[in-house]
Amino acid sequence: MALAVIWTVLILVSVLCGLVNGTISQVAAAMTDGAAAAVQLCLGICGATCLWSGFINLMRAAGFLEKLSRALRPFLHRLFPQSAGDPETMEAVSANFSANLLGLGNAATPAGVLAAGRMERAGHTRDLAALVVLNSASIQLIPTTVAAVRAANGCQTPFDLLPAVWITSLLSCSAGLLTLRLLTVRRR
């Protein structure tokens, strides 16, 4: 709701400034050009999301996601000690983490919501906080959404940012988990 108010105020101020400065035709042209560019960007992202969602469905059907999930279990059990005994929660966490690794935030959301709900009902607040940190920082091996936005905007090499994404996501995740650990220890 607040964002709708902010955008409405920004549009009204732009129109008002255009009227006062005598540049209302340029404001109108910018609005229509911006709307066209937004639709084009959305279509580009939609295409890439469909491609990668299909890819993850193929990975799921081939059993790769389950293998990845199994490989991540020891690591995730250490990150989520309170929830480690609940197989359904850990399966949701694993699916969420796997989808985030592949840069599929949209595919990760349902599993993350399921895991968060189960953790909340069980009273696993520390694990819930860790899940929020991991989802916010999101270690990504393949940043599909960012690459889709870059490709939609004409970038010829949309994946050339991989090393930067790997370093920054690893650092942000580490910083978030370290902060969580320090706050948890301090709270005790």
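Scroll up for the structure.
Computed from a predicted structure; not experimentally measured.

A.B. asks: Explain the overall build of the protein to me, and be specific about the residues and the numbers.
C.D. replies: For the protein, the helix and strand inventory stands at 8 helices and 0 strands. In the protein, the succession of α and β elements from N to C terminus is α-α-α-α-α-α-α-α. For the protein, the C-alpha radius of gyration of 21 Å lies well beyond 16 Å, the compact-globule estimate for 188 residues. Taken along its principal axes, the extent of the C-alpha atoms in the protein is 65 × 45 × 30 Å.

A.B. asks: Quick rundown of a nonpolar patch on the surface? Include the residues and the values.
C.D. replies: A cluster of nonpolar side chains, namely Met1, Val5, Val9 and Val13, defines an oily patch on the protein surface of about 410 Å² accessible area. Among the structural elements, methionine 1 can be located in the segment before helix 1 (2-21).

A.B. asks: So what's going on with the packing of helix 4 (residues 87-101) against helix 6 (residues 125-137)? Which residues, and what values?
C.D. replies: Packing of helix 4 against helix 6 brings their axes to within 10 Å, and their N-to-C directions diverge by 15 degrees. Judged on the interaxial angle alone, helix 6 and helix 4 are roughly parallel. Regarding helix 4 and helix 6, the two cross each other, and that crossing is left-handed. Where helix 4 abuts helix 6, its residues Val93, Asn96, Phe97 and Asn100 lie against Leu131, Leu134 and Asn135.

A.B. asks: Any chance you could break down helix 3 (residues 64-79) for me, citing the residues and the numbers?
C.D. replies: Residues separated by three or four positions in an α-helix point in the same direction, a consequence of the helix having 3.6 residues per turn. The end-to-end C-alpha distance of helix 3, which contains 16 residues, comes to 22 Å, matching closely the 22 Å that a straight helix rising 1.5 Å per residue would cover. The largest bend along helix 3 measures about 50 degrees and falls at arginine 73, with the proline proline 74 one to four residues further on. Burial in helix 3 covers these residues: Leu65, Leu68, Ser69, Leu72, Leu76 and Leu79.

A.B. asks: Account for the packing of helix 3 against helix 4, with residues named and values stated.
C.D. replies: The description of two helices packed together rests on the angle between their axes and the distance between the axes. Here helix 3 crosses helix 4 at 110 degrees, and the two axes come no closer than 9 Å. Considering their axes alone, helix 3 and helix 4 lie roughly perpendicular with respect to each other. Within the contact between the two elements, helix 3 uses Leu65, Leu68, Ser69, Leu72, Phe75, Leu76 and His77 and helix 4 uses Met90, Val93, Ser94, Phe97, Ser98 and Leu101. When grouped by side-chain class, the residues that make up the contact of helix 3 with helix 4 number 9 nonpolar, 4 polar and no charged.

What counts as what
Residue numbers run consecutively from 1 along every chain, following the written order of its sequence. In view of the model being predicted, local features appear only for residues whose pLDDT reaches at least 70, and side-chain atom pairs are presented and counted only at 80 or more, with totals across whole chains, interfaces and linings using the full set of residues. Hydrogens and water molecules were not included; the side-chain quantities draw on all heavy atoms of the structure. Going along the chain from the N terminus, every DSSP run of H or I of four or more residues is numbered as a helix, and every run of E of two or more is numbered as a strand. Radius of gyration: C-alpha atoms only; globule rule: 2.2 Å multiplied by the number of residues to the exponent 0.38. Patch membership needs two things, relative accessible area over 30% and no salt bridge, and members are linked within 9 Å if like-charged or within 5 Å if nonpolar (Val, Leu, Ile, Met, Phe, Trp, Tyr). Accessible areas in this description were obtained via Shrake-Rupley with a 1.4 Å probe; residue shielding takes into account the shown protein chains only. A pair is scored as a salt bridge if a Lys or Arg side-chain nitrogen falls within 4 Å of a carboxyl oxygen belonging to Asp or Glu. Simply put, an axis is a line fit to the C-alpha atoms, just over the touching stretch for a helix, and the angle between two N-to-C directions goes from 0 to 180 degrees. These descriptions rest on fixed angle ranges, namely under 35 degrees for roughly parallel, over 145 for roughly antiparallel, 65 to 115 for roughly perpendicular, and the rest for oblique. The crossing is said to be left-handed when, going from far helix to near helix, the turn is anticlockwise and less than a right angle, and right-handed when the turn is clockwise. By definition in these notes, contact holds between two residues if any of their heavy atoms fall within 4.5 Å. To estimate how far a helix should extend, the number of its residues minus one is multiplied by 1.5 Å. What we call the bend at a residue is the angle made by axes fitted to the seven residues finishing there and the seven residues starting there. Burial here depends on accessible area, computed with a 1.4 Å probe over protein chains only, as a share of the maximum for the residue type. Under 20% is buried, over 50% is exposed, and the range in between is partly exposed. The nonpolar class holds Ala, Val, Leu, Ile, Met, Phe, Trp, Tyr, Cys and Pro. Asp, Glu, Lys and Arg form the charged class, and all remaining residues, Gly among them, are polar.

What is shown is where atoms sit, not what they do.
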